Structures are given as structure tokens and as C-alpha cells.
Amino acid sequence: MGGLGVRWTLHGDGKTPAPGAVVRPDERLSWPRTFGLGAQHVVAMFGASFVAPVLMGLDPNLAIMMSGVATVIFLLATKGRVPSYLGCSLSFVGVAATIRASGGDSATVTGAVLVVGAVLFLAGLVVQRFGARIIHAAMPPVVTGAVVMLIGFNLAPVTASTYWPQDQWTALLVMLFTGLAVVCLRGFFSRIAIFLGLVFGYVLSWVLDRVFGKIHSPAGGAESVDHWRLDLSAVAHADWVGLPSFHAPSFEWSAILVALPVVIALVAENAGHVKAVGEMTGDSLDDKLGTAIAADGAASMLSTAVGGPPNTTYSENIGVMAATRVYSTAAYWAAACFALLFGLCPKFGAVVAAIPGGVLGGITVILYGMIGLLGAQIWTNARVDLRNPLNLVPAAAGIIIGVGGVSLKITDDFELSGIALGTVVVITGYHALRAFAPAHLRSQEPLLDSGTSTYDQEKPAAEG
């Protein structure tokens, strides 16, 4: 069992790490403390991981259940060397919105994302075989940063037209509260700022209903009607114990092409997470990067095959590890158990599904913006020189196409638009221009040539 990473030695007295010490992945604290840490990890991922399936129109109960299953798959695949929790990635929200806007349903969404999971799995196998440098060869930082940015900013109209108009003042107050929580709180509480924003929004909506009564606004549709901000009627009728709703995926080429660009964002995200965990634990994990990517793909395939959302590693939980200095995979096994239990409680899912539209408006303003600006962070960390037209031109063109929803009609039945077209322009544009660019524009040394462990390596000023 030790070979599967499910055997741990007790760290010290099992109570708290010694000053300056860390609880390594193959160690654990006492079981009560370990389960407490597991519950803490579930709370940390709650905000984004529950908001994402709601925004995608998928069953939140199934989402939390499959996040537990996905975490188990990941821990077994990496043999306990990479402590990580897997939850629904926000990178897919824009994909789901685009597919639904073109007439797709939940089966179409999960079918498209299942294909993304399969491609991610294959990408992991390729990285495992050829090493991390293959990532840079195909997707240098200027490309990954631009794709992540256009995916995030493509979501802006969803907030502006769908969620914010439902209750603009609640949205504004939730946005301000969440922003203050992210910036002003410290330690664990800063990691659950989205969750705290949701709780604040629930309470605020309830108070406004009691004080002002119903609001006249769009309630998920284009027509304005009188409705309660917080409607918990479905919670009273939901069972305490029961299975979530499953459905089979369906596959449409148009939806698949919209979803495929997310693979680039997921590879970049996963590489950054594995690197961060390796630095915190002091254990180089570059050799596990391919396995981690493939495990994310396999877990996403399994989840979407039964109607759930895709699952990837979560930065919120990496932040919790950094704050507690406890990297024990036993805590993640405990978190997976809690997630499975929550998934079997329909009443809990009904509470999540009742998130008021105005609350989502305030939360998504920050979340979607953060996704987009992660692209800028990739550029900054890799010291991408946007003064170089080889970097600037494809990134600029792809971002405008992706954010603006520009479309290219190829045949009567097939067109590329938005995220898909923007990604194609960034990738093909960069490599095509590089092939024809003069030598002085191509002479920069690749920043990631030796693998992801050199992301933050200091480079001479002349190379920047």
C-alpha cells in the first residue's frame, strides 16, 4: 500500500509541526487533526468549485461528489507525491456559456469537455515521455498567457448581461466585500475570500428581501419580473440523502472546437501548481508533471462521462498548504471523503443552487477578471517582451478576437469564433511569424527550455 502513497508516518507528536519544520506528503498529524485539515481544504475550494458548476448549469451535488473521486484518482496516480485537491476549473465557464448560447444543453457541454479531458490526458503522456520542454516548444509563455487572458476576458459579457442586472446593488456590495476580503484578510481566511463573499451575499439578499420585498429585474431571463432575491423553496423539498442527477454526454464538433483551447490554459495551470508544490515541499516534482497532467485529464473524463464538470488542481488549496505548512496527502484523502458525503446530500446542493443572481454578479466580476489577469501573470513570470512584435502581434490579435467574439464563417455549417478562433490565431500566428521573422527577433533564449523549474529563474537584463 505504501507504493500507492496511502501509508503515512506520524510527524513528531502528531499535534503541530516543529518551528521551521513541515509535514511532508508521506507524513501526517493525528487523525483528528488530519480530518480537520481535510475539512479546511473543502471549505477553501468551496467558493470557486461550487460557483463554477452553477455557472456552467451543472448539478452542484454531482460536482462535489466527482471532485472527491477526482482527488482520489490524482493521489493514486501520483503515488502520494503531489498533494493536491481537484475541483471544477473556472476556465470552462466561458466554454459552457458559449456552447449554451449557441443552443447546446448540459449533455453537449459535458461531451465537449470530455474531449478536452481526453486531450489533456494525452498531453500528459507526451510530457511524461518527452519532458517538460515539449510544453515550451509548442506553447511558449506568450501563447499560454494570451490564451488564458482571452478565456477569462471572454466571460465579461456573461457577468454584464446575465448576472449583474438581476440585482445591481447586491452585486456591487458583494464585489466590494469580496475584494476587501481578498486584500485585507490574512492566512486561511484570505484563501476562502470567495466563500466568505458568497456567505455575505446570501445574508445580504435575505435582509434586502425582508426590508424591501421582491425585486423587479430579470431572473435568469431577458424579461423583468417580480421575484425574491434569495429563493430557498427548493431546499425545503430536497432530501437529506440521495444520489445526484447523472446524464450521458453528447458530442458536437462545433462545441468541441470551442472547448479545446482550454487545454492550453490547463497545461499552464497544472505546470505552475506542480512547480509551486515542489518548491514548498523541497522535493523536485518535474518528473511528475506529465503524470499530474494525465491524472487531471483522466479525472475530468470520468466526471464528464456521468454528467459532472471537469476537475483540475486548485490553487486555493495550495495556498492553504503554504499557510499551514502541512503537505500531508492524508489530509487530501480526508477532504475527498468529506466531498463524497456532501455529494450525497441533495439538500446541500439545493442551497448551493439557490445562489442569488446578484451575488453571482459581484463574485464573477472578480473571478473572471482574475482568470484573465492570470495570463498577464504568466507573461510577467516568464519575462515576455511585448516590445518584440513577434510576441505582440499574435497576442494582440488573438485577444481581441477572443474577447470581442469575432467569427470566421468557413462553410454554411461550420464557423470559428471567440475563444476557439482567438486561440487558433495566437498559436498559428506566433509559429508562422516566427518562421518568417528576422533572426534578431528570434534570438531570445527560451525561458523554459530546461523545464518548468526555471519559470522564475533570474535572467540577465539583456535577455529580458
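Residues numbered from 1 in each chain as written. Predicted model: local features only at pLDDT ≥ 70, side-chain atom pairs only at ≥ 80, totals over all residues. Heavy atoms only, no water.

Notes on the packing of aromatic side chains
The description of an aromatic ring pair uses the distance of the two centres, along with the angle that the planes make with each other.
Then, in step 1: Counted according to the given criterion, the structure contains five aromatic pairs.
Then, in step 2: When the ring of W31 is compared with that of F35, the centres are 6.1 Å apart and the planes differ by 50°; the resulting orientation is tilted. In this pair, W31 and F35 are both assigned in helix α1 (residues 31-56), four residues apart and thus about one turn of the helix distant.
Then, in step 3: In this structure W31 comes out as partly exposed when scored by relative accessible area, which is 36%.
Then, in step 4: The exposure class of F35 is partly exposed, given its relative accessible area of 37%.
Then, in step 5: Residues F177 and F200 carry aromatic rings whose centres are separated by 4.3 Å and whose planes lie at 5° to one another, so their mutual orientation is stacked. Pair noted here: F177 is in helix α8 (residues 168-184) and F200 is in helix α10 (residues 193-212), with a separation of 23 residues, a long-range link.
Then, in step 6: Chaining the aromatic ring pairs together yields one cluster made of W8, W31, F35 and F338. (Phe/Tyr/Trp six-rings, centres within 6.5 Å; stacked < 30°, edge-to-face > 60°. Helix = DSSP H or I, 4+ residues; strand = E, 2+ residues; numbered from the N terminus. Buried < 20%, exposed > 50% of the residue type's maximum accessible area, 1.4 Å probe, protein only.)

With respect to the nonpolar core
Then, in step 1: Ranked by size, the top nonpolar core spans 101 residues in total, and within it M56, V93, V267, L289, Y368 and W379 carry the most contacts.
Then, in step 2: Among the elements that line this core, the one with the most residues is helix α13 (residues 262-281), at 10 residues.
Then, in step 3: Mapped onto the domain boundaries, this core takes at least three residues apiece from domain 1 (24-137 + 215-357) and domain 2 (385-437).
Then, in step 4: What M56 contacts, discounting residues up to four positions off in sequence, is C88, F92, V93, A96, R100, V109, P309 and P310. (Core = buried A, V, L, I, M, F, W, Y, C linked by side-chain atoms within 4.5 Å. Domains from an automatic or database assignment. Contact = heavy atoms within 4.5 Å.)

A short note on the pattern of salt bridges
Then, in step 1: Going through the model one piece at a time under the given rule, you end up with four salt bridges.
Then, in step 2: Residue R229 is joined to D209 by a salt bridge in which the shortest nitrogen-to-oxygen separation is 3.0 Å. Highlighted residues: R229 in the loop between β5 (224-227) and α11 (233-237) and D209 in helix α10, separated in sequence by 20 residues. Per residue, the accessibility class of R229 equals that of D209, and both read buried.
Then, in step 3: We note a salt bridge from R387 to D385, for which the minimum N-O separation is 2.9 Å.
Then, in step 4: With relative accessibility at 71%, the residue R387 sits in the exposed group. (Salt bridge = Lys/Arg side-chain N within 4 Å of Asp/Glu carboxyl O.)

Regarding the packing of helix α3 (residues 93-101) against helix α4 (residues 106-130)
Then, in step 1: The interhelical angle for the contact between α3 and α4, taken along N-to-C directions, is 135°, at an axis separation of 9 Å. In this view, α3 runs oblique relative to α4, as classed from their interaxial angle. By crossing handedness, the relation of α3 to α4 is classed as right-handed. Contacts from A96, I99 and R100 in α3 reach S106, T108, V109 and A112 in α4.
Then, in step 2: Across the contact of α3 with α4, the residue classes tally to four nonpolar, two polar and one charged. (Axes fitted to C-alpha atoms, helices over the stretch in contact; angles between N-to-C directions. Parallel < 35°, antiparallel > 145°, perpendicular 65-115°, else oblique. Left-handed = near helix turned anticlockwise from the far one by under 90°. Nonpolar A, V, L, I, M, F, W, Y, C, P; charged D, E, K, R; others polar.)

What about the domain arrangement of the chain?
Interface extent is often summarised as the accessible area lost during association of the parts.
Then, in step 1: When the domains of the chain are assigned, the result is domain 1 (24-137 + 215-357) and domain 2 (385-437).
Then, in step 2: Using C-alpha coordinates to define each centre, domain 1 is positioned 28 Å away from domain 2.
Then, in step 3: Contact residues are listed per partner, giving seven residues for domain 1 and seven residues for domain 2.
Then, in step 4: Together, the buried faces of domain 1 and domain 2 total about 540 Å²; carbon and sulfur atoms form 84% of this surface.
Then, in step 5: Area buried by domain 1 at its contact with domain 2 is led by L257, P261 and I264, which between them contribute 61% of it.
Then, in step 6: Counting every contact that joins domain 1 to domain 2 gives zero salt bridges. (Buried area = accessible area lost by both parts, 1.4 Å probe.)

Concerning the confidence of the model for the chain
Do not read the predicted coordinates in detail wherever pLDDT is low.
Then, in step 1: This prediction gives the chain a mean pLDDT of 84; 91% of its residues lie at or above 70.
Then, in step 2: Element-level mean pLDDT values for the chain span from 70 in strand β8 (residues 414-417) up to 94 in α4.
Then, in step 3: Here residues 445-464 scores under 50 on pLDDT; set against residues more than four positions off or in separate chains, the count is 33 contacts. (pLDDT = per-residue confidence, 0-100.)

Structural notes on the environment of P244
Then, in step 1: Mapped onto the elements, P244 comes out in the loop between α11 and α12 (253-259).
Then, in step 2: When its relative accessible area of 9% is taken as the criterion, P244 is described as buried.
Then, in step 3: Residues P244 and L62, spaced 182 residues apart in sequence, show a C-alpha to C-alpha distance of 5.3 Å.

Focus on the packing of helix α2 (residues 60-77) against helix α16 (residues 329-343)
The description of two helices packed together rests on the angle between their axes and the distance between the axes.
Then, in step 1: As a packed pair, α2 and α16 sit with axes 7 Å apart at the nearest point and diverge in direction by 155°. When the axes of α2 and α16 are compared, the pair comes out roughly antiparallel. In the crossing of α2 with α16, the sense of the turn from one axis to the other is left-handed. Mapping the contact onto sequence places N61, I64, M65, S67, G68, V69, T71, V72, L75 and L76 in α2 and T329, Y332, W333, A336, A339, L340, F342 and G343 in α16.
Then, in step 2: Looking at side-chain class alone, the contact of α2 with α16 contains 12 nonpolar, six polar and no charged residues.

A word on α8
Along an α-helix, a turn takes 3.6 residues, which lines up residues three or four apart on a common side.
Then, in step 1: The terminal C-alpha atoms of α8 lie 24 Å apart, and with 17 residues this matches the ideal 24 Å at 1.5 Å per residue to within 8%.
Then, in step 2: Buried within α8 are the following residues: T170, A171, V174, T178 and A181. Down the axis of α8, the buried set is contained in an arc of 95°. They therefore lie on one face. Away from its buried face by more than 90 degrees, α8 exposes W169, L180, V183 and C184. (Expected span 1.5 Å × (residues − 1). Arc of directions from axis to C-beta.)

Some details on unusual backbone geometry
Then, in step 1: One non-glycine residue, K79, lies in the positive phi region at around 55°.
Then, in step 2: With respect to the element layout, K79 can be found in the loop between α2 and β3 (86-87).

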